[in-house]
Amino acid sequence: MRLKLIGLLMLALAFPGHAQAPAAQSAANPQRTAWYFYRVKWGFQEEFQTLFARNHLSVLREEIKTGRIVSVKTYVPTYHGDGRADWTFAVAITFKDAAAFMGPSDEAAIQRRLFPDFAKFQKEEQRRFEILDAHWDVPLNELDLK
């Protein structure tokens, strides 16, 4: 809750007069979706995608098996330089519900189980983030506009 308040305060300071409370989640659908955006350094897109698929996507797929995550979808822009080109890779993760989204995961245990050479896994994950220019997460609230 404290982080949420800090985030709202930062938004208010960045855009005075334009800050607004997050929209309420639709009661009809308990699932929660978050978009994770990545801007990969020029020339490293293929390496990033390979590392993401081999390491992080494997962990996310295991969380689908446990029921915490409902779906994982990955995206890239159709054209290079499309729009503002803020991102080059995006992931949409839909969680079972708010508790699954906000609560603890078994990610560390899954990583150790899936990757017996854990030092190699950690090194590759570090490399995946070294080749980024930016990364940000956008938790979404579904609106029912009936």
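Shown above is the structure to which this text applies.
A few points on the structure.

Rules used in this analysis
- Residues numbered from 1 in each chain as written.
- Predicted model: local features only at pLDDT ≥ 70, side-chain atom pairs only at ≥ 80, totals over all residues.
- Heavy atoms only, no water.
- Axes fitted to C-alpha atoms, helices over the stretch in contact; angles between N-to-C directions.
- Helix = DSSP H or I, 4+ residues; strand = E, 2+ residues; numbered from the N terminus.
- Left-handed = near helix turned anticlockwise from the far one by under 90°.
- Contact = heavy atoms within 4.5 Å.
- Nonpolar A, V, L, I, M, F, W, Y, C, P; charged D, E, K, R; others polar.
- Phe/Tyr/Trp six-rings, centres within 6.5 Å; stacked < 30°, edge-to-face > 60°.
- Buried < 20%, exposed > 50% of the residue type's maximum accessible area, 1.4 Å probe, protein only.
- Salt bridge = Lys/Arg side-chain N within 4 Å of Asp/Glu carboxyl O.
- Parallel < 35°, antiparallel > 145°, perpendicular 65-115°, else oblique.

This part takes up the packing of helix H2 (residues 45-66) against helix H4 (residues 107-114). Put simply, H2 and H4 touch, their axes get as near as 10 Å, and they point 115° apart. Two packed elements cross with a definite hand, and for H2 against H4 that hand is right-handed. Across from His-56, Ser-58, Val-59, Glu-62 and Glu-63 in H2, the residues of H4 making contact are Glu-107, Ile-110, Gln-111, Arg-113 and Leu-114. Of the residues that constitute the contact of H2 with H4, the class distribution is three nonpolar, three polar and four charged.

So, about the packing of aromatic side chains. The final tally for this structure, using the stated rule, is 13 aromatic pairs. Between Tyr-38 and Phe-52, the aromatic rings sit 6.3 Å apart at their centres with planes inclined by 70°, giving edge-to-face as the arrangement. In this pair, Tyr-38 sits in strand S1 (residues 32-40) while Phe-52 sits in helix H2, placing the two residues 14 residues apart along the sequence. Pair check on accessibility: Tyr-38 and Phe-52 agree, each one buried. When the centroid spacing of 5.2 Å and the interplanar angle of 75° are considered together, the rings of Phe-48 and Phe-89 count as edge-to-face.

So, about the pattern of salt bridges. Tallied over the full model, the rule gives eight salt bridges. As a salt-bridge pair, Arg-128 and Glu-125 come within 2.7 Å of each other at their nearest N and O atoms. Of this pair, Arg-128 and Glu-125 both sit in helix H5 (residues 118-130), separated by three residues, roughly a single helical turn. No difference in accessibility class separates Arg-128 from Glu-125, as the two residues are buried. By sharing partners, the salt bridges in this structure join Glu-47, Arg-127 and Glu-130 into a single network.

So, on to the packing of H2 against H5. Between H2 and H5, the least distance of the axes is 10 Å, while the angle of their chain directions is 140°. By the criterion of interaxial angle, the relationship of H2 to H5 is oblique. Both H2 and H5 take part in a crossing whose hand is left-handed. Across from Glu-47, Phe-48, Leu-51, Phe-52, Arg-54, Asn-55 and His-56 in H2, the residues of H5 making contact are Phe-121, Glu-124, Glu-125, Arg-127 and Arg-128. A breakdown of the residues in the contact of H2 with H5 according to their chemical character gives four nonpolar, two polar and six charged.

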